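Structure assessment
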Amino acid sequence: MGPLPRTLELFYDVLSPYSWLGFEVLCRYQHVWNVDLQLRPTLIAGIMKDSGNKPPALLPRKAQYMTQDLRSLGQHFQVPIQFPKDFFSVILEKGSLSAMRFLTAVHLECPEMLEKVSRELWMRVWSRAAEKAGMPAEQAQRFLEKISSPKVKNQLKETTETACKYGAFGLPVTVAHVDGQSHMLFGSDRMELLAHLLGEKWMGPVPPAPSARL
């Protein structure tokens, strides 16, 4: 019997394109490394408020850099990120509260679908294409009806507070639990360091298929 898998918590919000990059990489590596990946839908607005941080898109130079950066990173990570045409309406005005409550409801009621549904929401916000998560319309409606329930609201609040307690000031945040210690890593560009902490091998953002590693 081999060593028990180390727990990785990924705190994310579909409003954050960098969270999408980190999400896809960790989903690819969850079957390569000896880890137990736990997805934690989180409200980035709550983290920004708690930490006193501001969205990079509100600062013109950061917004300009972010556009170029995400285009390059999307190609490197093989994630189809494209800025929404109505960026300020989608990202800064509408926010992600309903979306993250919806994912929290999925997490509570149907956790095996959380990865696929999260990916579909990212695709709808940050890409021209949209995947189908395989969720029946009736089931989706049931989750929509739950987003105003105290259980869902409290769970999203608790998850966001947990991320803040780890020291989050933005998203994504990955927390690696290794040898009784918790290591908080911010951003989607800390995966090589994460591999080092886990004692695992980093093989780039798209690891080769298992047969190719033999």
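Residues numbered from 1 in each chain as written. Predicted model: local features only at pLDDT ≥ 70, side-chain atom pairs only at ≥ 80, totals over all residues. Heavy atoms only, no water.

1. Quick look at helix H6 (residues 114-126)
For clarity, the threshold we go by: Numbering of helices and strands runs from the N terminus, with a helix taken as a DSSP run of H or I at least four residues long and a strand as a DSSP run of E at least two residues long. By definition here, a helix of n residues has an expected span of 1.5 Å times n minus one. We call a residue buried when its accessible area falls under 20% of the maximum for its residue type, exposed when it is over 50%, and partly exposed in between, using a 1.4 Å probe and counting protein chains only.
Taking 1.5 Å of rise per residue, 13 residues should cover 18 Å, and H6 covers 18 Å from first to last C-alpha, within 8% of that figure. Of the residues making up H6, those classed as buried are Leu114, Val117, Ser118, Arg119, Glu120, Leu121, Trp122, Met123 and Trp126.

2. Digging into the pattern of salt bridges
Two side chains bearing opposite charge may form a pair once their charged atoms approach each other closely. As a reminder, the rule being used: Salt bridges are counted wherever a side-chain nitrogen of Lys or Arg sits within 4 Å of a carboxyl oxygen of Asp or Glu.
Scanning the model with the defined rule gives seven salt bridges in all. Among the ionic pairs, glutamate 120 bridges to arginine 124, the shortest N-O distance being 2.6 Å. Placement of the pair is glutamate 120 and arginine 124 together in helix H6, with a separation of four residues, close to one helical turn. On the basis of relative accessible area, arginine 124 is assigned to the partly exposed category, the value being 48%.

3. Description of the sheet that holds strand S4 (residues 181-186)
In plain terms, the rule: In this scheme, strands are said to pair when DSSP sees at least two bridges between them. Axis definition: a line fitted to C-alpha atoms, over the contacting stretch in the case of helices. Angles run 0 to 180 degrees between N-to-C directions. Residue contacts are defined here by distance: any two heavy atoms, one from each residue, within 4.5 Å place the two residues in contact.
With mixed pairing, the four strands of this open sheet are ordered in space as S2-S1-S3-S4. Sheet topology places strand S2 (35-41) and S4 at the edges, where each strand pairs with a single neighbour. Averaged over all adjacent pairs, the angle separating strand axes in this sheet is 20°, with direction ignored. Contacts from helix H5 (residues 97-109) reach strand S1 (6-12) and S2, with the element oriented near 135° to S2. With respect to the sheet, helix H8 (residues 150-166) is in contact with S1, S2, strand S3 (173-178) and S4, its orientation differing from that of S1 by roughly 110°.

4. What to know about the packing of H5 against H8
Put simply, the rule reads: Orientation categories follow fixed angle ranges, with anything under 35 degrees roughly parallel, anything over 145 roughly antiparallel, 65 to 115 roughly perpendicular, and all other angles oblique.
It is at 9 Å that the axes of H5 and H8 come closest, and there the two elements cross at 105°. Of the possible angle classes, the one that applies to H5 and H8 is roughly perpendicular. Contacts between H5 and H8 involve Leu97, Met100, Arg101, Thr104, Ala105, Leu108 and Glu109 from the first element and Lys151, Val152, Lys153, Gln155 and Leu156 from the second.

5. Comments concerning the environment of proline 172
With respect to the helices and strands, proline 172 occurs in the loop between H8 and S3. Proline 172 sits in the buried class, given a relative accessible area of 1%. Between the C-alpha atom of proline 172 and that of proline 60, which follows or precedes it by 112 residues, the distance is 22 Å.

6. A closer look at the packing of aromatic side chains
To keep things clear, this is the line we draw: Stacked, edge-to-face and tilted labels apply to pairs of Phe, Tyr and Trp rings (six-membered ring for Trp) whose centres lie within 6.5 Å, assigned for plane angles under 30 degrees, over 60, and everything in between, in that order.
Summed over the entire model, instances satisfying the criterion amount to ten aromatic pairs. Taking 5.8 Å as the distance between ring centres and 50° as the angle between the ring planes, the aromatic pair formed by tyrosine 12 and phenylalanine 23 counts as tilted. A residue pair is termed long-range when its members are at least 10 positions apart, and tyrosine 12 in strand S1 and phenylalanine 23 in helix H1 (residues 17-29) qualify at eleven residues. Aromatic pair phenylalanine 102 and phenylalanine 143: ring centres 6.0 Å apart, planes at 90°, arrangement edge-to-face. With phenylalanine 102 in helix H5 and phenylalanine 143 in helix H7 (residues 137-146), this residue pair connects regions lying 41 residues apart in the sequence. The class for phenylalanine 102 is buried, based on a relative accessible area of 12%.

7. Let's talk about the UniProt feature "active site" (unreviewed entry) in the protein
So the rule is basically this: UniProt positions are given in the numbering used here, feature names are shortened, and annotations may be inferred rather than shown by experiment.
This chain's UniProt record puts "active site" (unreviewed entry) on Ser16. With residues near it in sequence (within four places) discarded, serine 16 still touches Ile44, Trp122, Trp126, Leu171 and Pro172.

8. Focus: the state of the cysteines
Quick note on the threshold: Put simply, a disulfide is two cysteine sulfurs that come within 2.5 Å.
Evaluated as defined, the whole model comprises zero disulfides. Cysteine 110 carries a free sulfur, and the closest cysteine sulfur to it, the one in cysteine 27, is 16 Å from it. The class for cysteine 110 is buried, based on a relative accessible area of 7%.

9. Here's the deal with the packing of helix H2 (residues 44-51) against H8
Counted only if it meets this: Definitions for this section: a left-handed crossing has its near helix turned counterclockwise from the far helix by less than a right angle. A right-handed crossing has that turn clockwise. Residues are grouped as follows: nonpolar covers Ala, Val, Leu, Ile, Met, Phe, Trp, Tyr, Cys and Pro; charged covers Asp, Glu, Lys and Arg; every other residue, Gly included, is treated as polar.
Packing of H2 against H8 brings their axes to within 9 Å, and their N-to-C directions diverge by 40°. Relative to H8, the element H2 is oriented oblique. Note that H2 runs across H8; the crossing there is right-handed. Of the residues in H8, those in contact with Gly46, Ile47 and Asp50 of H2 are Thr160, Ala163 and Cys164. The class makeup of the residues in the contact of H2 with H8 is three nonpolar, two polar and one charged.

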